[in-house]
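This is what each chain is made of:
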Amino acid sequence: MFDFLRPRKKTNFQLLFWSLYISTVVTLTAKILQLSSDLTIQILAQHPELAQYSTMVKLYVIFS
């Protein structure tokens, strides 16, 4: 009835596959978040009224 709880023997190929899969997902997620934040800062710097003149926009305009 509870066969899914029984420990299974993992092969080296399975461990390699899942470690590669997890590292790929983490890397892609980090790159997407980085690109999204960069584009958001650029948009807010060009149109500060969208951010209601927030501190982040003021600092970006001053230091860019």
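These lines cover the structure that appears in this document, whether it is placed above or below. (Residues numbered from 1 in each chain as written. Predicted model: local features only at pLDDT ≥ 70, side-chain atom pairs only at ≥ 80, totals over all residues. Heavy atoms only, no water.)

1. Observations regarding the overall build of the chain
Tallying secondary structure elements over the chain gives 2 helices and 0 strands in all. Residue burial in the chain is summarised as follows: out of 64 residues, 8% are buried. Total accessible area computed for the chain in this model is approximately 6,200 Å², and 69% of it derives from carbon and sulfur atoms. (Helix = DSSP H or I, 4+ residues; strand = E, 2+ residues; numbered from the N terminus. Buried < 20%, exposed > 50% of the residue type's maximum accessible area, 1.4 Å probe, protein only. Areas by Shrake-Rupley, 256 points an atom, 1.4 Å probe, with all protein chains shown as cover.)

2. Structural notes on the packing of aromatic side chains
In this structure the tally under the stated criterion is 3 aromatic pairs. Taken together, a centroid distance of 5.3 Å and an interplanar angle of 80° make the contact between Phe-17 and Trp-18 edge-to-face. Their ring planes at 15° and their centres at 6.4 Å tell us that Phe-17 and Tyr-21 sit as a pair that is stacked. Here Tyr-21 and Phe-17 lie together in helix H1 (residues 12-46), a separation of 4 residues that amounts to about one turn. With relative accessibility at 43%, the residue Phe-17 sits in the partly exposed group. Among the aromatic residues, those joined into a cluster by ring pairs are Phe-17, Trp-18 and Tyr-21. (Phe/Tyr/Trp six-rings, centres within 6.5 Å; stacked < 30°, edge-to-face > 60°.)

That is the geometry; function is a separate question.
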